[in-house]
Amino acid sequence: MSRRRHSDDSDAGQPHKRRRTSEPSEIEERLESLICRVGEKSNSSLESNLEGLAGVLEADLPNYKSKILRILCTVARLLPEKLTVYTTLVGLLNARNYNFGGEFVEAMIRQLKECLKVNMYNEAVHLVRFLSDLVNCHVIAAPSMVAMFENFVSVTQEEDVPQVRCDWYMFAFLSSLPWVGKELYEKKDAEMDRLLSQTESYLKRRQKIHVPMLQVWTADKPHPQEEYLDCLWSQIQKLKKDRWQERHILRPYLAFDSVLCEALQHNLPPFTPPPHTEDSVYPMPRVIFRMFDYTDDPEGPVMPGSHSVERFVIEENLHCIIKSHWKERKTCAAQLLSYPGNNKIPLNYHIVEVIFAELFQLPSPPHIEVMYTTLLIELCKLQPGSLPQVCRHSKGPAPPLSSDCDSSVLSDQAKKRLNDFAKSHCILSFDRSDCLTQDLEKPKPKFVREVLEKCMRLSYHQRIIDIVPASFSVLSPANPVCIYKYGDESNRSLPGYTVALCLTIAIKNKASNDEIFSILKDVPNPNQDDDDGEGFTFNPLKIEVFVQTLLHLAAKSFSHSFSALAKFHEVFKTLAESDEGKLHVLRVVYEVWKNHPQMIAVLVDKMIRTQIVDCAAVANWIFSSELAHDFTRFYIWEILHSTIRKMNKHVLKIHKELEETKARLARQHKRRDSDDDDDDDDRSTDREDGPLEEQIERLQEKVESAQSEQKNLFLVIFQRFIMLLTEHLVRCETGGIDVFTPWYKSCIERLQQIFLQHHQIIQQYMVTLENLLFTAELDHHILAVFQQFCALQA
Amino acid sequence: AMSIGGTLSILRSDSYAELSQYRDQHFRGTRYDQERLLRKSCTLYVGNLSFYTTEEQIHELFGKSGDIKKVIMGLDKVKKTACGFCFVEYYARGDAENAMRYINGTRLDDRIIRTDWDAGFKEGRQYGRGRSGGQVRDEYRQDYDAGRGGYGKTVQ
């Protein structure tokens, strides 16, 4: 039956195959492919493709309705950049088959409820927007949509709920208005006015303590960084002032108006927002990142203003495209560049801005950082004549890649990511030399130094020396050579010098750990008058001699150093048994390799992984006075965050092991229950369970101890920050000097970064942090950071 | 039957992380074993390196997609010097996948490098398999490549 219909249908350019008897899964694949591909480049117009597809789907409804429903619901949720294409399709289907339209709406509501229940808020927004655009397609009656929005806005009246919950419902309402504001206002202006005034009063009273923590620039010129809801509200207000005229969104349904307006509409069932629960996790607030405006690219189309709704829609769609295609960099670049703009918008600028917005997003970018650099390379390949210039273009505080960049207004996090980005492109223009007359701690020269150091890691020292103009040489990185204090004959008088020589010879002759121990036995302990019998208590000189000598011998490459650590693991473990021992090992590593931060980082990593030092030791070392000189260097923070990440992964790993073992036990029980064996007696089942239960108990202990170590790590870090910052604040106050030195600014941002990057874990410690560390007695400068953090999920 | 976890096949596309056509002919085991190992491997082969590219540079570049467990530089079997390839092993497969997606086909020492899944390092695999000790590709090539010892061995 359906086959005959197909051969009758005029082929409106849709490349669908003639259907033979195929597997159901093949049919589903084909349907999915047809639906997903509509809207892509085609020889026929979008309208005729939609018409054709609607015909095909209508014909398949009798047999494949549930599949079609599922696919359409999924594209609504996962392809929001093609929103209006699919709402039009649903509109056409509804016009041909009223019942199907009704079932689709019901399915969407079910999906929306499910999304909200499992905290999939970003996808839920897409569903809400889809539903609202269905009003434009005569599928949903406007009054019922307004009623849903009334329920959304009334969430702001709920008591004792987190602000982020109200924020989400407000965002879902406001962000749908570019699509449906006009229609809703035309049908229900009084209700809409009421909603908008309720919106205004909510936005006025909501807290914005979190904003400073999320801002990338710390200055407001030339691009203020607005809180996302404030920005959206300004955009909607402007849209209203423009009488809801919106000209950017592609609306295929307009071409089908005569067909669609004949269709019967459905009423949305009354929608009660699911209540707030303990498990609800709402999206964090955001800050809008801008780096371009209408003054950029005077030759080309004008960039829509920051408060125009077009800007909002373009950015939303570009973000969605990246989210859809992040794994496929060429496809992603192609899809971004083929975003419909009809040459009316400076698309390249929008794309670059959106990419940097994601790259700089706090707490972390939506995708791995390296994706963005590679994506930009692909974009430049496709648009070699225009895109690279855009990257170099922006003025004011943000020409990202020139030393001209007033990076003092970039937050430390942004600087770090920009730095990583810049080094991959090794693009630096040395335009201004005022970096050089400034103190090297100032942000500008500091930033350039960090970029150069990172560039060196990707190439080699001489190359950097060759590239950097002579006038900038003070910013060049040090030659990454090792510093061996016992190397020179002139150091003969140093205590331990002879032992160092001895060790060197022994190690070269492939000495065993035992031989090393016996050589070290002769090293006096400067700390104590008498060793205890074993001689293995904390002896800084022993550590110094051993670690200096070994690292020097193994200096040739990372692999050599790692082998050395592995070979003499026993010696390390013994020497570094105590906390002071661990700290001293780290100190010596730094002394030897302070010219080669990359080496320090990989050695610390290896020593944690082989349990020569623990995470808390690394944290204490980073805050120690020996490292004060390098405290604001990027590599120090990379080490700290890498350490925290290792700790977090460790906890997760043991937790996973525990869950898996519990599952095994449960399966064993289930098997036994279903076996129904009368011969089983209690003792034998206990025997079977025994080993697994023991394992579970052991793992439980392991998990608890790991979690306690993890908590301790964060407490140490916060404690040290508080001490350091308090010292500075007191010194400034008594000395009458300004608190806000570059060092202080950097330090506060590093503290914020700890909170942001590991916010999920830190949430667990809120009570301890509040009662123990971030108490009311704390200086308000430091307390503010904690309060900003609390505000993120409040 | 509505399934929130459902996705679309166009969104599942992950061509950069797929296995290539290349299969190591020296692999001991069946094709099936080899492909099973490739599919769960955390190790990448990296090719077209300059002879002067160091372990440190590799570590920095490939560290962008995740924590590296080990880098093994490829060596000329005779000279025991770098001969333009290496292995990078990650702790997590996901990190290796990201390297395939975003580091494969980008530049290092101004050369486009190529990454591919590897079934796992075994002692001996760090040596070039060309007759002269380097990689096979450097035996027969006709062009001059300053970063890879000049002309191919047969030309020299």
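Bear in mind the structure is a predicted one, so any value in this text is a computation, not a measurement.

Chemist: Describe the overall build of chain A, with residues and values.
Modeler: Each helix and strand in chain A was counted, giving 36 helices and 0 strands. Relative to its 794 residues, chain A shows a buried fraction of 55%. Contacts in chain A between residues at least 24 apart in sequence constitute 75% of all its contacts with a sequence separation of at least 6. Carbon and sulfur atoms make up 50% of the accessible area of chain A, which totals about 35,600 Å².

Chemist: With reference to specific residues and values, describe the UniProt feature "domain: RRM" (unreviewed entry) in chain B.
Modeler: Under the UniProt annotation, the feature "domain: RRM" (unreviewed entry) is placed at residues 42-120 of chain B. End C-alpha to end C-alpha, residues 42-120 of chain B measures 8 Å, and it is 23% helix and 39% strand.

Chemist: Account for helix H29 (residues 597-609) of chain A, naming residues and giving values.
Modeler: Residues and elements named next belong to chain A. The terminal C-alpha atoms of H29, which comprises 13 residues, lie 18 Å apart, in line with the 18 Å expected from a rise of 1.5 Å per residue. Among the 13 residues that make up H29, 11 are buried, leaving the element largely enclosed by the rest of the structure. In the segment just after H29, Gln611 is the residue with positive phi, at about 60°.

Chemist: How would you explain helix H17 (residues 369-382) of chain A if you had to name every residue and give the values?
Modeler: Taking 1.5 Å of rise per residue, 14 residues should cover 20 Å, and H17(A) covers 21 Å from first to last C-alpha, within 8% of that figure. Taken together, the buried positions of H17(A) are occupied by Val370(A), Met371(A), Tyr372(A), Thr373(A), Thr374(A), Leu375(A), Leu376(A), Glu378(A) and Leu379(A).

Chemist: Please give an account of the interface of chain A and chain B that cites residues and values.
Modeler: Between chain A and chain B, the contact holds 43 residues from the first and 37 residues from the second. Interface of chain A and chain B: buried area, both sides summed, is about 3,700 Å²; carbon and sulfur atoms make up 52% of it. Per-residue buried area on chain A facing chain B is highest for Lys327(A), Glu328(A) and Arg329(A); these three make up 18% of the total on that side. At the junction of chain A and chain B, the tally comes to 4 salt bridges. One salt bridge in this structure joins Glu60(B) and Arg457(A), with 3.2 Å as the shortest N-O distance. The dominant element in the side of chain A that touches chain B, judged by the number of residues it contributes, is helix H3 (residues 46-78) of chain A, at 6 residues.

Chemist: An account of the pattern of salt bridges is needed here, citing residue identities and associated values.
Modeler: Under the definition given, this model contains 59 salt bridges over all chains. Measuring nitrogen to oxygen at the nearest pair gives 3.0 Å for the salt bridge that ties Glu626(A) to Arg587(A). Of this pair, Glu626(A) sits in the loop between helix H30 (615-622) and helix H31 (634-675) while Arg587(A) is found in helix H28 (residues 579-593), placing the two residues 39 residues apart along the sequence. Ionic contacts of the salt-bridge type, sharing partners, join the residues Glu450(A), Glu453(A), Lys454(A), Arg457(A), Arg633(A), Glu638(A) and Glu60(B) into one network.

Chemist: Residue-level account of the packing of helix H33 (residues 742-757) of chain A against helix H36 (residues 780-791) of chain A, with values.
Modeler: Residues and elements named next belong to chain A. Look at H33 against H36: their axes get within 10 Å of each other, and the N-to-C directions meet at 30°. One way to sum up the angle between H33 and H36 is to call them roughly parallel. Crossing geometry of H33 relative to H36 is assigned as right-handed. Residues Tyr744, Ile748, Leu751, Gln752 and Phe755 of H33 form the contact with H36, whose participating residues are His781, Ile782, Val785, Phe786, Gln788 and Phe789. For the contact of H33 with H36, the class distribution of residues is 8 nonpolar, 3 polar and no charged.

Chemist: Account for the sheet that holds strand E3 (residues 82-90) of chain B, naming residues and giving values.
Modeler: All names here are of chain B. Pairing in this open sheet of 4 strands is antiparallel, and the strands run E2-E3-E1-E6 from one edge to the other. In this open sheet, the two edge strands, each paired with only one partner strand, are strand E2 (68-75) and strand E6 (114-118). Each neighbouring strand pair of the sheet contributes to a mean axis angle of 25°, computed without reference to strand direction. Taken together, the 4 bridges between strand E1 (residues 43-47) and E3 define a ladder with antiparallel strand orientation. From the neighbouring strand, Leu44 faces E3, where its bridge partner is Val88. Where helix H4 (residues 93-102) meets the sheet, its contacts fall on E1, E3 and E6, and the angle it forms with E6 comes to roughly 150°.

Chemist: Now, about unusual backbone geometry: what can you tell me, with residues and values included?
Modeler: The residue after Leu362(A), namely Pro363(A), is reached through a cis peptide bond having omega 0°. As for its position among the elements, Pro363(A) is in the loop between helix H16 (347-359) and H17. In this structure, Arg243(A) takes a positive phi of about 55° despite not being glycine. Within the secondary structure, Arg243(A) is located in the loop between helix H12 (228-241) and helix H13 (257-260). Among the residues examined, Arg243(A) registers a relative accessible area of 64% and is labelled exposed. Phi at Asp110(B) is positive, roughly 60°, even though this residue is not glycine. Relative to the elements of secondary structure, Asp110(B) occurs in the loop between strand E4 (107-108) and strand E5 (111-112).

Chemist: So, the side chain of Gln788(A): which residues are in play, and what are the values?
Modeler: All names here are of chain A. Inspection of the secondary structure assignment puts Gln788 in helix H36. In this structure the side chain of Gln788 is engaged in a polar contact, spanning 3.0 Å, whose partner is the side chain of Gln752. If we skip the residues at most four places from it in the chain, Gln788 touches Ile209, His210, Pro212, Met213 and Gln752.

Definitions and cut-offs
Along each chain, residues carry numbers from 1 onward, in the same order as the chain's sequence is written. Each chain takes a letter, starting from A, and each ligand takes a number, starting from 1, following the order in which they are written. Local features in a predicted model are, by the rule used here, given only for residues with pLDDT of at least 70; side-chain atom pairs are given and counted only at 80 or more, and totals for whole chains, interfaces and linings are based on all residues. Values shown for side chains rest on all heavy atoms present in the structure; no hydrogens or waters enter the calculation. The way it works is that DSSP assigns letters per residue, a run of H or I at least four long becomes a helix, a run of E at least two long becomes a strand, and they are numbered from the N terminus. Exposure categories follow from relative accessible area, calculated using a 1.4 Å probe and restricted to protein chains: below 20% of the type maximum is buried, above 50% is exposed, and the middle band is partly exposed. Every residue pair with non-hydrogen atoms within 4.5 Å of one another is taken to be in contact. The accessible surface values rely on the Shrake-Rupley method and a 1.4 Å probe; as for residues, cover is taken only from the protein chains in view. UniProt positions are given in the numbering used here, feature names are shortened, and annotations may be inferred rather than shown by experiment. Between the first and last residue of a helix there are one fewer steps than residues, each counted as 1.5 Å, and that sum is the expected span. Here the quantity called buried area is the accessible surface, traced with a 1.4 Å probe, that two parts lose on coming together, added over both. Here a salt bridge means any side-chain nitrogen of Lys or Arg lying within 4 Å of a carboxyl oxygen belonging to Asp or Glu. Inter-axis angles, ranging from 0 to 180 degrees, are taken between N-to-C directions of lines fitted to C-alpha atoms, where helices are fitted over the stretch in contact. Here the angle decides the label: under 35 degrees means roughly parallel, over 145 means roughly antiparallel, 65 to 115 means roughly perpendicular, and every other value means oblique. Here is the rule for handedness: rotate from the far helix to the near one, and if that takes an anticlockwise turn smaller than a right angle the crossing is left-handed, while a clockwise turn gives right-handed. Note on residue classes: Ala, Val, Leu, Ile, Met, Phe, Trp, Tyr, Cys and Pro are nonpolar, Asp, Glu, Lys and Arg are charged, and everything else, Gly too, is polar. Here, any two strands with at least 2 DSSP bridges between them count as paired. Polar contacts, as counted here, are pairs of nitrogen or oxygen atoms within 3.5 Å of one another; within protein the pair requires one atom able to donate a hydrogen and one able to accept it, and residues that are adjacent in sequence qualify only if both atoms are side-chain atoms.

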